[in-house]
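Fold and contact review
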Amino acid sequence: MLNQKVVLVTGSSSGIGLAIARTLAEQGARIMMHGLEAEAEGNDLAEELATETGAEVRYCSANLMQPSEVERLVDTTIEQFGRLDVLVNNAGIQYTAPVSEFPADKWDAIIAINLSAAFHATRRALPLMARNGWGRIINIASVHGLVASAEKSAYCAAKHGLVGFTKVVAMETAEQGITANCICPGWTDTPLLNDQIARFAEQHGQAVEDARLGLVKAKAPYPEMVQPAAIGALALYLCSDAAKAMTGTALPIDGGWTAH
Ligand code: NAD
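Residues numbered from 1 in each chain as written. Predicted model: local features only at pLDDT ≥ 70, side-chain atom pairs only at ≥ 80, totals over all residues. Heavy atoms only, no water.

1. A look at helix H3 (residues 67–81)
With 15 residues, H3 should reach 21 Å at 1.5 Å per residue; the first-to-last C-alpha distance of 22 Å fits that figure. If you check which residues of H3 are buried, you get Val70, Glu71, Leu73, Val74, Thr76, Thr77 and Phe81. On its buried face, H3 is in contact with strand S1 (6–9), strand S2 (30–35), strand S3 (57–61) and helix H4 (104–132). Following H3 by one or two positions, Gly82 adopts a phi angle in the positive range, close to 80°. (Helix = DSSP H or I, 4+ residues; strand = E, 2+ residues; numbered from the N terminus. Expected span 1.5 Å × (residues − 1). Buried < 20%, exposed > 50% of the residue type's maximum accessible area, 1.4 Å probe, protein only. Contact = heavy atoms within 4.5 Å.)

In structure tokens, the structure reads:
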């Protein structure tokens, strides 16, 4: 379906980003994978995905804390593939603590990686998409772009910011064949949750498997974690022609969390 379109997925060495990269590669896209891993390790991941899907897959390492690195990542994608059609701003980190105890450096890092990096990448990618008259910006926000949870001040600020930023991009690009949308997952089965699961297990004296379910049930009626592949499928839909009039949205995929 994606017929050689070039896709950059930030943070695709793991979790949701990897699942999105895989789904889009299976549909014929050419993929720039990205992560913090050094080039040698990242190139192995890219080769694995290429073998699995038959797609052209490359890898670029960049620390998205630095705006210049975000720009280098987008520029490298355009240089190596000659185009950029779909930008998935997915890389993100988490840290939990009450506001009064929240370390300032963690706040800065979460805002830089989860929010500002999406701005720097989008800003760099849009002129080319506008020239081509087609583009998709897919921002991986969170239920925490829509509602709050205690101890997640920086994460909620970044994700609410990402939802707002996406709406503005949608307004500015609506006549250029470009759409901009957020996907807002609830608890999703990835390494990002390891610390929170371990803490829940400790607090409730539970085994890790029980804590995973406990964490889910504390927020959402559907009693399972979201699978990363389901987020890949939603990203694929946003790339389709059927979704060309869908822009500026924030789509929950959260087991009913935000229905409360
Ligand atoms: P993950 O930990 O499995 O993957 C995170 C990715 O981000 C990795 O590829 C990592 O290399 C990259 N990354 C982290 N710090 C970086 C940095 N400084 N520079 C460059 N890359 C960096 O996490 P995940 O769960 O797949 O999360 C992906 C996105 O989904 C994040 O934006 C996260 O906030 C969001 N999300 C996750 C969940 C969940 O429950 N897992 C729920 C809602 C939203």
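From this point, things continue past the structure.
2. Let's talk about unusual backbone geometry
The backbone of Asn3 shows a phi angle near 35°, a positive value even though the residue is not glycine. Relative to the helices and strands, Asn3 resides in the segment before S1. The phi dihedral of Gln4 falls on the positive side, at around 70°, and the residue is not glycine. In this fold, Gln4 is placed in the segment before S1. Look at Gln4 and you get partly exposed, because its relative accessible area is 45%.

3. Re the pattern of salt bridges
Where side chains of opposite charge bring their charged atoms close, a pairing between them can arise. The full count for this structure, using the stated rule, is eleven salt bridges. A salt bridge links Asp75 to Arg124; the nearest nitrogen and oxygen atoms lie 2.8 Å apart. One end of the pair, Asp75, is in helix H3; the other, Arg124, is in helix H4, and 49 residues separate them in sequence. Three or more residues are tied together by salt bridges with common partners; here these are Glu71, Asp75, Arg123 and Arg124. (Salt bridge = Lys/Arg side-chain N within 4 Å of Asp/Glu carboxyl O.)

4. Here we look at the sheet that holds S1
Pairing between the strands of a sheet comes from backbone hydrogen bonds, and it takes one of two forms, parallel or antiparallel. Spatially, the seven strands line up as an open sheet ordered S3-S2-S1-S4-S5-S6-S7, and their pairing is parallel. Edge positions in the open sheet fall to S3 and strand S7 (250–253), since each of these has one partner strand only. Across the sheet, the mean angle separating the axes of adjacent strands is 20° when strand polarity is ignored. Contacts from helix H5 (residues 153–173) reach strand S5 (135–140), strand S6 (178–185) and S7, with the element oriented near 160° to S6. (Pairing = 2+ DSSP bridges. Axes fitted to C-alpha atoms, helices over the stretch in contact; angles between N-to-C directions.)

5. Focus: the environment of Ala148
Inspection of the secondary structure assignment puts Ala148 in the loop between S5 and H5. The spatial distance from the C-alpha of Ala148 to the C-alpha of His160 is 9.3 Å, given a sequence separation of twelve residues.

6. Description of the pairing of S2
Looking along a regular strand, one sees the side chains alternate between the two faces of the sheet. Among the six residues that make up S2, six are buried, leaving the element largely enclosed by the rest of the structure. What you see with S2 is no split at all: Arg30, Met32 and His34 on one side and Ile31, Met33 and Gly35 on the other are buried throughout. Alignment of S1 against S2, held across four bridges, turns out to be parallel. Counterpart to Val6 in the pairing with S2 is Arg30.

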